Amino acid sequence: MRKYVTAQTSIAPLAVFRVLFGFIMTVSILRFALKGWIHALYVKPTYYFTFYGFDWVRPLGEAGMYALFLLMGLAALGIMLGWHYRLAAVLFFLSFTYVELIDKTNYLNHYYFVSIVSFLLIWVPAHRAFSLDVRRRPSLRVDTVPAWTTGIFKLQLGLVYVYAGLAKLNPDWLFEALPLRLWLPAHAHLPLIGPLLDEPLTAYVFSWAGALYDLTIVFFLLWKRTRLAAYLAVLAFHLTTALLFQIGMFPYIMILCTLIFFPASFHERLIAGGKTIWRFMTRRRAGVLVRGAADRAPVSFRPGRRASLALAVLLGLHFALQILIPLRSILYPGHLFWTEEGYRFSWRVMLMEKAGYTVFRVHDPATGRRWEVPNWAYLTPYQEKMMSTQPDMILQFAHFLEEEYRRQGIEDVEITVEAHVTLNGRKSRLMIDPGVDLTEVKRDLRPKTWILPFTGREESWLTHR
């Protein structure tokens, strides 16, 4: 246990991890801004689907949101350069997480992963080598750190991969090759591999290989003899997913983050290469980057007893939650992909193809008047698309409509919904009990009894292919 927790190890892997994470976050935020997504997702909508318990998180207005993203980008740059690192890590974690909590419409597993990694970065001395902080204050520099400072990132990556693999052990993925059997033929036009992607057998191969990859890759990365081959598998897996699916920066984030499994000597060579490039760019002599580096004895980072105890409690709680949160879905009855109760924050990645449409019907008992709600008047097309397949968002929107009509002077309306949903190629069917007045349903974490049952054995369109 000492080897993995308190034993001193080179700081190089931690410093490289900081640089690479800060770099990919800086690029991601620039990409997000240049694509116009700040306005499209956090300024343009008039209604936001907040997370349960976080209704107080609201967008900050157009100027405020652009300022928040500017702060986030500067903080990511600060992490990469190790410039006022602690402050940068805290600001990045808070700003990024705040933005992600504004609207669950935009929830992605890799956004959740970014929040977690930035939270962990707050508590490690990743700036005490190869950083502007060390250049500004050479006394900060250390050569070794406790093993836990890099181990926590390996453990977090391991949890992500293993839970993603366990989630793939379901009948649709293993025995029906769904949803890949629906998605891969869309790429049949690609040169060379296109015809293969149109074959059902390819979907089965991809499904089983993906599950095997997620369940085992971390163990192969940890073992010296298989590490290089495992990393080549990481490259192949994530570059393939980047080519075939629109999953943004996630493949590149994982490709860079998994480098932390390589030994210190590998990262020390990367740092030496980085210093050479820096000297070439600035025309400086060797040894100038860190003044007096060659004349000093190696220095170790050793947090005090109280700090170590506090960190142990904090990180122990964090990883306990990381283990338990993905398992909460077992507390809910029904088909997980249908109800989505306990689906988020559980590393279930690309497991289903779900589509649907919803019609909200309003009844004013006082006048007897009935009408249908024009969803487009309140939601963006993307919000409506995401809401139409997720019961908790449907309930939230119904409650919003109730308040909206109350503001218009129409009290105590009844709101029902007709929600037709198709899951993994099965024929569309009603997801919500159309006889339930959703204004009378409380929004909480209890099982949603107003979701109609789904067995997973419903007739599929694929049976007629």
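Here the structure is a predicted model, which means the values were calculated and not measured.

### Some details on the layout of surface pockets
Piece 1. Considered as a void within the structure, the largest pocket measures approximately 1,800 Å³ in volume.
Piece 2. For the largest pocket, the lining is made up of 49 residues, of which Tyr 107, Leu 108, Gln 246, Tyr 382 and Met 386 are closest to its centre.
Piece 3. The element that contributes the greatest number of residues to the lining of the largest pocket is helix H2 (residues 12-34), accounting for 5 residues.
Piece 4. Class assignment of the residues belonging to the lining of the largest pocket gives a composition of 30 nonpolar, 10 polar and 9 charged.
Piece 5. Together, 37 residues line the second largest pocket, and Tyr 4, Val 5, Ala 147, Trp 148 and Gly 151 are the ones closest to its centre.
Piece 6. Of all the secondary-structure elements, those providing two or more residues to the lining of the second largest pocket are helix H1 (2-5), strand E1 (8-10), helix H8 (148-167), helix H12 (200-222) and helix H16 (305-324).
Piece 7. Ranked by residue count, the leading element in the lining of the second largest pocket is H8, at 8 residues.

### Quick word on the pattern of salt bridges
Piece 1. Per the counting criterion, the structure on display carries 17 salt bridges.
Piece 2. Among the salt bridges present, the one from Arg 181 reaches Glu 176, with a minimum N-O distance of 3.2 Å.
Piece 3. Judged by relative accessible area, Arg 181 falls into the buried class, the value being 15%.
Piece 4. Accessibility expressed as a relative area gives 34% for Glu 176, which makes it partly exposed.
Piece 5. Each of the salt bridges in this network shares a partner with another, and the network as a whole consists of Glu 402, Glu 403, Arg 406 and Glu 411.

### Topic: the nonpolar core
Looking at soluble globular proteins, one finds that nonpolar side chains tend to be buried together.
Piece 1. Counting residues in each nonpolar core, the largest one holds 81 residues, and the members touching the most others are Phe 69, Phe 92, Phe 113, Leu 121, Val 124 and Phe 153.
Piece 2. For this core, the element with the most residues is H2, which contributes 10 residues.
Piece 3. What Phe 69 contacts, discounting residues up to four positions off in sequence, is Ile 29, Phe 32, Ile 38, Tyr 42 and Val 99.
Piece 4. Counting residues in each nonpolar core, the second largest holds 51 residues, with Leu 174, Ala 203, Met 393 and Leu 401 among its members.

### Thoughts on the packing of aromatic side chains
Piece 1. Evaluated as defined, the whole model comprises 33 aromatic pairs.
Piece 2. On the basis of an interplanar angle of 45° and a centroid distance of 6.5 Å, the ring pair of Phe 49 and Phe 397 is categorised as tilted. Here Phe 397 lies in helix H19 (residues 391-407) and Phe 49 lies in the loop between helix H3 (37-42) and helix H4 (61-81), a separation of 348 residues in the sequence.
Piece 3. Residue classification places Phe 49 among the buried positions, given a relative accessible area of 0%.
Piece 4. Centre to centre, the rings of Trp 371 and Tyr 405 are 5.3 Å apart; their planes meet at 85°, and the pair counts as edge-to-face. With Trp 371 in strand E4 (residues 369-372) and Tyr 405 in helix H19, the pair connects residues that are 34 residues apart, well separated along the chain.

Cut-off values and rules
- Every residue gets a number counted from 1 within its own chain, in the order that chain's sequence is written.
- Under the rules for a predicted model, residues below a pLDDT of 70 receive no local features and side-chain atom pairs below 80 are neither given nor counted, while totals for whole chains, interfaces and linings still include all residues.
- Here the side-chain values reflect all heavy atoms present in the structure, with hydrogen atoms and water set aside.
- Think of a 1 Å grid over the protein atoms and nothing else: a 1.4 Å probe that fits but is trapped marks a cavity, an open set flanked by protein within 12 Å on at least five of seven lines marks a pocket, and residues with an atom within 4 Å of a point count as lining.
- Grid points are joined across faces, edges and corners, and a volume is the space filled by probe spheres set on the points.
- Runs of H or I in DSSP of at least four residues are treated as helices and runs of E of at least two as strands, each being numbered from the N terminus.
- Under the grouping applied here, Gly and all other residues not named as nonpolar or charged are polar, the nonpolar ones being Ala, Val, Leu, Ile, Met, Phe, Trp, Tyr, Cys and Pro and the charged ones Asp, Glu, Lys and Arg.
- Definition used for salt bridges: Asp or Glu carboxyl oxygen within 4 Å of a side-chain nitrogen of Lys or Arg.
- Only protein chains enter the accessibility calculation, which uses a 1.4 Å probe; a residue whose area is less than 20% of its type maximum is buried, one above 50% is exposed, and one in between is partly exposed.
- Each nonpolar core is a collection of buried residues, namely Ala, Val, Leu, Ile, Met, Phe, Trp, Tyr and Cys, held together in the definition by side-chain atoms within 4.5 Å.
- Residue contacts follow a heavy-atom distance rule, with two residues in contact if any of their heavy atoms lie within 4.5 Å.
- Stacked, tilted and edge-to-face are the three classes applied to pairs of Phe, Tyr and Trp rings, where Trp contributes its six-membered ring and a pair requires centres within 6.5 Å; stacked means planes under 30 degrees apart, edge-to-face means over 60, and tilted covers the rest.

Any link to function would need more than the numbers given here.
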